[in-house]
Amino acid sequence: MEAYILAGGKSTRMGEDKGLKKLKGVPIIQYIIHTLSVCFPVIKINTDNSEYLQFGLELIFDRNKNKGPIGGIQAALENSKNDIFIVSCDMPLITPEAIKYLLENHNNNWATVASYNERIQPLFGIYTYASLQLINKRIAHNQLKMMDFIQESHSDIIDMNNILNTEIFSNINTQEEFKKIEKNRKKYEY
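Just so you know, these numbers come straight off a predicted model, no measurement behind them. (Residues numbered from 1 in each chain as written. Predicted model: local features only at pLDDT ≥ 70, side-chain atom pairs only at ≥ 80, totals over all residues. Heavy atoms only, no water.)

K.L.:
Would you mind going over the overall build of the protein with me for this structure?
P.N.:
Counting its secondary structure elements, the protein contains six helices and nine strands. Out of the 190 residues in the protein, the part that is buried amounts to 53%. Surface summary for the protein: the accessible area is close to 9,500 Å², and the carbon and sulfur share equals 45%. (Helix = DSSP H or I, 4+ residues; strand = E, 2+ residues; numbered from the N terminus. Buried < 20%, exposed > 50% of the residue type's maximum accessible area, 1.4 Å probe, protein only. Areas by Shrake-Rupley, 256 points an atom, 1.4 Å probe, with all protein chains shown as cover.)

Dropping the structure here:
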């Protein structure tokens, strides 16, 4: 299975590319690459931004532009032609343990995604190649919400409250969220 990092968003609330923003002098995406490399032999980045070439990974472009995360997942599935692991570029606190737990609990349904503190995390999950047919249909009808896809598809939602002691799914969408994570940075060593 290959891992894909979704880094194609516009980062409008942040005001700059989230994946390239530096936390302790290291681009946020580098934390994610480091964690994924423990679990996956192949990691690719879904983005149009050529600045991501600095990480030495293959860049995958959306076939359908401006379709949000579902468009990135579509591009990743079309590129891999197999089941894939997806994570957003703004989740630097993910752990190999959380990834492995999700992999162990994957039952080959169309998607297997994490849930923590009763919040579903559609951008930390496994998407099967079979799910591409529904993704294509949803994009064709401009139905782009990931939560709607999870609810409509044959998806498993894996509760991770019992295995996690921290907010590893804290994502960074705003400068305020970034400052909060930066303030607690001793907890998040690279």
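Having put the structure on the table, let's press on.
K.L.:
I'm lost on helix H4 (residues 132–140) in this one. Help?
P.N.:
In an α-helix, one turn spans 3.6 residues, which is why side chains three or four residues apart end up on the same side. All of the buried residues in H4 are Leu-132, Leu-134, Ile-135, Arg-138 and Ile-139. Seen from one end, H4 has its buried residues packed into an arc of 160 degrees, which puts them on one side. Exposed side of H4, more than 90 degrees from the buried face: Gln-133 and Ala-140 are the residues found there. Buried positions along H4 lie against helix H2 (69–80) and helix H5 (146–152). Where H4 terminates, the next one or two residues include Asn-142, which has phi positive at roughly 55 degrees. (Arc of directions from axis to C-beta. Contact = heavy atoms within 4.5 Å.)

K.L.:
What exactly am I supposed to notice about unusual backbone geometry here?
P.N.:
It is generally the case that most residues other than glycine have a negative phi and that most peptide bonds are trans. A positive phi angle, close to 60 degrees, is found at Asn-66, a residue other than glycine. Assignment of secondary structure puts Asn-66 in the loop between strand E5 (58–60) and H2. On the accessibility criterion, Asn-66 (59% relative accessible area) is exposed. We note that Asn-108 has phi near 65 degrees; this positive angle belongs to a residue other than glycine. Inspection of the secondary structure assignment puts Asn-108 in the loop between helix H3 (96–104) and strand E7 (111–116).

K.L.:
Teacher, can you tell me more about the packing of aromatic side chains here?
P.N.:
The geometry of an aromatic ring pair is captured by two quantities: the separation of the ring centres and the angle between the planes. Here the structure, examined in full by the defined rule, presents four aromatic pairs. Consider the rings of Tyr-52 and Phe-55, whose centres lie 6.1 Å apart with planes at 40 degrees: the pair is tilted. (Phe/Tyr/Trp six-rings, centres within 6.5 Å; stacked < 30°, edge-to-face > 60°.)

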